[in-house]
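Here is what each chain is made of, one letter per residue.
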Amino acid sequence: MSAGANHQGGVAVEVRGLRKSFGRHEVLKGIDFLVEPGEVFVIMGPSGSGKSVLLKHIVGLERPDEGEILISGEPIHAPEVMARYRMALVFQSGALLNSLTVGENVGLYLSEHRLKPPAEISRIVSEKLEVVGLKGTERKMPNELSGGMKKRVAIARALVIEPHLILYDEPTSELDPLSAVVIGEEILKLKERIHVTSLVVSHDRDLAFGVADRIAVIDDGRILAVGTPDEVRQRPEPIIRKFLTADFNPNHKTRL
Amino acid sequence: MFQNIGEMVLLAWRTLLALPLTWRQRQKVFDQFFEIGNASLLMVCVLSFFIGGVLALQTGPVLVESGLASTVGGLVGISMAKELAPVMMAILIAGRVGSAMTAEIGSMQVYQEIDALRTMNINPIHYLVLPRMVAIALALPMLVLFAILVGWLGGALVSFANERIYIPIAVFFANLRSVVELDDVANGVFKSFCFALIVGVVSCHQGLVTIGGPRGIGRSVTKAVVNSIVLIVIFDYILTNVLMVFNS
Ligand SMILES: Nc1ncnc2c1ncn2[C@@H]1O[C@H](COP(=O)(O)OP(=O)(O)OP(=O)(O)O)[C@@H](O)[C@H]1O
Ligand SMILES: [Mg+2]
């Protein structure tokens, strides 16, 4: 496995007919979409619509009941795929290893796979922590951090992997507006610098419309619409309109 | 409780296949090893001292009254080495160390830390299970060896201090040495190695299959300890049988 500073950009992700049930609860009811290499693809949808479950399928943590997921045309459960393409998932909860320091968490991929000497690793770690605005927090433990800080450490941990495909599960849900903008810009910078393919799950309309090449709206395990931000904005379906334009209503009459 | 046996055998097999990676994970093995020692050394001391002592106390007076004073040392020596130290220490370790392993791995499972490892292409068996298994498989036999010695000492001191037994310590150990052979001690240490594997596999497996939140972790820990103890006792019987065939 190479450390791959010079890999040739992102991978295509194709999801075909994906279905998944937990017990009798069908969460994904047939999902199809194609993400082009180097694209920023944003998935929006109400809470509980199956977005996190979808991301877990794409990194191979869950197995589909039906359908398949192809990374650059190869099914993800083929063993070579995991070895050839690096993927990183920024978990909704961060999922930092609580027994390791922030620095060890961020450098874990490099140190476990012996990709770089320790001095080099600590240099990369502090560089990536600086990117997410957490310079000098290497020695802190995850439980000393706020939710938003954990999320940013998780993003730094994903950046270290220099992935071909990076998936963000609600990257800005716990961030203040300024940090959210910084993360959004980082998503774009990453795309320009290494042409990584990004899949972003988010409720954050500003982020979604700010970074997306294309947006998919998912509800109740189905994709309602896919298109460029402008196309999605023009869609007439009431569910989508409500979701995209909901705002505080002084008469408290907003309904889900 | 036995529906998981297949999964546990598979986990043991995968850990065995990963054994060549131990050197890479040596730092984690050391950490776990010292943690086990730290957590249990004092308790091993206390427990084995009193087990040896109570053995002497229960059997000593009867044996002395029947004119068999010279057998007390051998009796304490053999039972401690072949049976009590391995089984009791394994049970202690299941409660003290196995439960902690399950709790730690279980909470990593519940809080998606293990999923995070998988997405980084880090095999949780190499990263979590292997170091724990190697550490416990090294630590428990050592602890048992130590427990045997402390148990003998406990038996000797009680035999000397109790006026109904009153066997001088040197005599106690002379008797012990005339009965207990190195094989008997090796026998107990070997058993404890097997018990260590049982505790390690059961605890790590229970941790990995934890579902739900904090309550799920609690459930897993209880299961791990109970299953470990049941398996230790069953395997104790089986191993004793097997070792008898070998020794005769
Ligand atoms: N491991 C699981 N076992 C059973 N049900 C699950 C599991 N994971 C998810 N679900 C169910 O799947 C549905 C979708 O969950 P998911 O986490 O994907 O929602 P989401 O779209 O990410 O929502 P949010 O925006 O709140 O994060 C939920 O109803 C959830 O209860
Ligand atoms: Mg989610």
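Here the structure is a predicted model, which is why all the values come from computation and not from measurement.

A. Quick look at the interface of chain B and chain A. With 17 residues of chain B in contact, the opposing surface of chain A contributes 23 residues. The interface formed by chain B and chain A includes one salt bridge. The salt bridge involving Lys 28 of chain B is made with Glu 112 of chain A; its shortest N-O contact spans 3.1 Å. At the boundary of chain B and chain A, one finds eight residue pairs in polar contact (both at pLDDT 80 or more). The biggest single contributor to the side of chain B that touches chain A is helix 4 (residues 113-119) of chain B, with six residues. Grouping the constituent residues of the side of chain B that touches chain A by class yields seven nonpolar, four polar and six charged.

B. Inspection of unusual backbone geometry at higher detail. Residue and element names in this part refer to chain A. Phi is positive for Ser 72, close to 45°, though the residue is something other than glycine. Within the fold, Ser 72 resides in the loop between strand 4 (66-71) and strand 5 (74-75). With a relative accessible area of 34%, Ser 72 lands in the partly exposed category. The phi dihedral of Glu 170 is positive, around 55°, even though this residue is not glycine. With respect to the element layout, Glu 170 can be found in the loop between strand 7 (165-169) and helix 6 (177-194). Given a relative accessible area of 4%, Glu 170 falls into the buried group.

C. View of the site of ligand 1. All names here are of chain A. Taken together, 14 residues sit near ligand 1, with Ser 47, Gly 48, Lys 51, Ser 52 and Gln 92 positioned nearest. Ser 47 is positioned with one of its side-chain polar atoms (N or O) 2.5 Å from an oxygen atom of ligand 1. The backbone of Ser 49 places a nitrogen or oxygen atom 3.2 Å from an oxygen atom of ligand 1. Listed by contribution, the elements that provide at least two residues to the shell around ligand 1 are strand 2 (25-35) and helix 1 (51-58). The dominant element in the shell around ligand 1, judged by the number of residues it contributes, is helix 1, at three residues. Residue classes in the shell around ligand 1 are distributed as four nonpolar, eight polar and two charged.

D. Structural view of the layout of surface pockets. Here the largest pocket defines a volume of roughly 1400 Å³. Lining of the largest pocket is provided by 46 residues; of these, Leu 108 and Glu 112 of chain A together with Gln 25, Lys 28 and Tyr 127 of chain B occupy positions nearest its centre. Taken together, the elements giving at least two residues each to the lining of the largest pocket come down to helix 2 (79-84), helix 3 (102-112) and helix 4 (118-131) of chain A together with helix 2 (26-65), helix 3 (72-110) and helix 5 (124-161) of chain B. Partitioned by chemical class, the residues of the lining of the largest pocket number 20 nonpolar, 14 polar and twelve charged. Counting contributing residues per domain, the lining of the largest pocket is built from domain 1 (1-86 + 165-256) and domain 2 (90-161) of chain A, each supplying no fewer than three. What the second largest pocket holds in volume is close to 720 Å³. Lining the second largest pocket are 23 residues, and of these Arg 14, Gln 109, Arg 118, Leu 208 and Val 209 of chain B sit closest to its centre. Broken down by secondary-structure element, the contributors of at least two residues to the lining of the second largest pocket are helix 1 (5-17), helix 3, helix 4, helix 5 and helix 7 (182-208) of chain B. Ranked by the residues each element gives to the lining of the second largest pocket, the list is headed by helix 1 of chain B, at five residues. When its residues are assigned to classes, the lining of the second largest pocket shows eleven nonpolar, six polar and six charged.

E. Broad picture of the side chain of Ser 79 of chain B. Residues and elements named next belong to chain B. Note on placement: Ser 79 falls in helix 3. The class of Ser 79 is buried, set by a relative accessible area of 18%. Within the structure, Ser 79 has its side chain in polar contact with the backbone oxygen of Leu 75 (distance 2.3 Å). If we ignore the near neighbours within four places in the chain, the residues touching Ser 79 are Leu 55 and Leu 84.

F. Highlighting the sheet that holds strand 6 (residues 87-90) of chain A. All names here are of chain A. Read across the open sheet, the six strands follow the order 6-7-8-3-9-10; overall the sheet is mixed. The open sheet has two free edges, formed respectively by strand 6 and strand 10 (222-227), since each of these has just one partner strand. Adjacent strand axes in the sheet meet at a mean angle of 15°, parallel and antiparallel pairs treated alike. As paired elements, strand 6 and strand 7 share four bridges and run parallel to each other. For Val 90, the partnering residue across the bridge sits in strand 7 and is Tyr 168. On top of the sheet, helix 5 (residues 147-160) reaches strand 6 and strand 7; it is set at about 180° to strand 6, its chief contact. Across the sheet, helix 9 (residues 238-245) lies against strand 3 (40-44), strand 9 (214-219) and strand 10, angled at about 70° from strand 10, the strand it touches most.

G. Seen up close, the packing of aromatic side chains. Applying the stated rule across the entire model yields five aromatic pairs over all chains. The ring centre of Trp 23 of chain B lies 4.3 Å from the NZ or CZ of Arg 26 of chain B, which sits over that ring.

H. Representation of the confidence of the model for chain B in the model. Per-chain confidence: chain B averages 91 in pLDDT, with 98% of residues scoring 70 or above. Reported confidence for the predicted complex is 0.85 by ipTM and 0.88 by pTM.

I. Representation of a nonpolar patch on the surface within the structure. Together, Val 226, Val 230, Ile 234, Phe 235, Tyr 237, Ile 238, Val 242 and Phe 246 of chain B make up a nonpolar patch on the protein surface, roughly 750 Å² of accessible area in all. Within the element layout of this structure, Val 226 of chain B appears in helix 8 (residues 214-247).

J. Structural detail: the environment of Ala 103 of chain B. Residues and elements named next belong to chain B. Looking at the secondary structure, you find Ala 103 in helix 3. With relative accessibility at 28%, the residue Ala 103 sits in the partly exposed group. Sequence-distant contacts of Ala 103, that is, excluding residues within four places in its chain, are made with Ile 217 and Val 221.

K. The arrangement of the sheet that holds strand 4 of chain A in detail. All names here are of chain A. Read from one edge of the open sheet, four strands run 2-1-4-5, paired in antiparallel fashion. Looking along the sheet, the strands with just one partner apiece sit at the ends: strand 2 and strand 5. Where strand 4 and strand 5 come together, two bridges link them in antiparallel fashion. By the bridge assignment for strand 5, Ile 71 is matched with Glu 74.

What counts, and where the lines are drawn
Residues numbered from 1 in each chain as written. Chains lettered and ligands numbered in written order. Predicted model: local features only at pLDDT ≥ 70, side-chain atom pairs only at ≥ 80, totals over all residues. Heavy atoms only, no water. Contact = heavy atoms within 4.5 Å. Salt bridge = Lys/Arg side-chain N within 4 Å of Asp/Glu carboxyl O. Polar contact = N/O pair within 3.5 Å; in protein donor to acceptor, adjacent residues only side chain to side chain. Helix = DSSP H or I, 4+ residues; strand = E, 2+ residues; numbered from the N terminus. Nonpolar A, V, L, I, M, F, W, Y, C, P; charged D, E, K, R; others polar. Buried < 20%, exposed > 50% of the residue type's maximum accessible area, 1.4 Å probe, protein only. Near = heavy atom within 4 Å. 1 Å grid on protein atoms, 1.4 Å probe; cavity = no way out; pocket = protein on both sides within 12 Å on 5 of 7 lines; lining within 4 Å. Points joined across faces, edges and corners; volume = space filled by probe spheres on them. Domains from an automatic or database assignment. Pairing = 2+ DSSP bridges. Axes fitted to C-alpha atoms, helices over the stretch in contact; angles between N-to-C directions. Phe/Tyr/Trp six-rings, centres within 6.5 Å; stacked < 30°, edge-to-face > 60°. Lys NZ or Arg CZ within 6 Å of the ring centre and 35° of its normal. pLDDT = per-residue confidence, 0-100. Patch = residues over 30% accessible without salt bridge, like charges linked within 9 Å, V, L, I, M, F, W, Y side chains within 5 Å. Areas by Shrake-Rupley, 256 points an atom, 1.4 Å probe, with all protein chains shown as cover.

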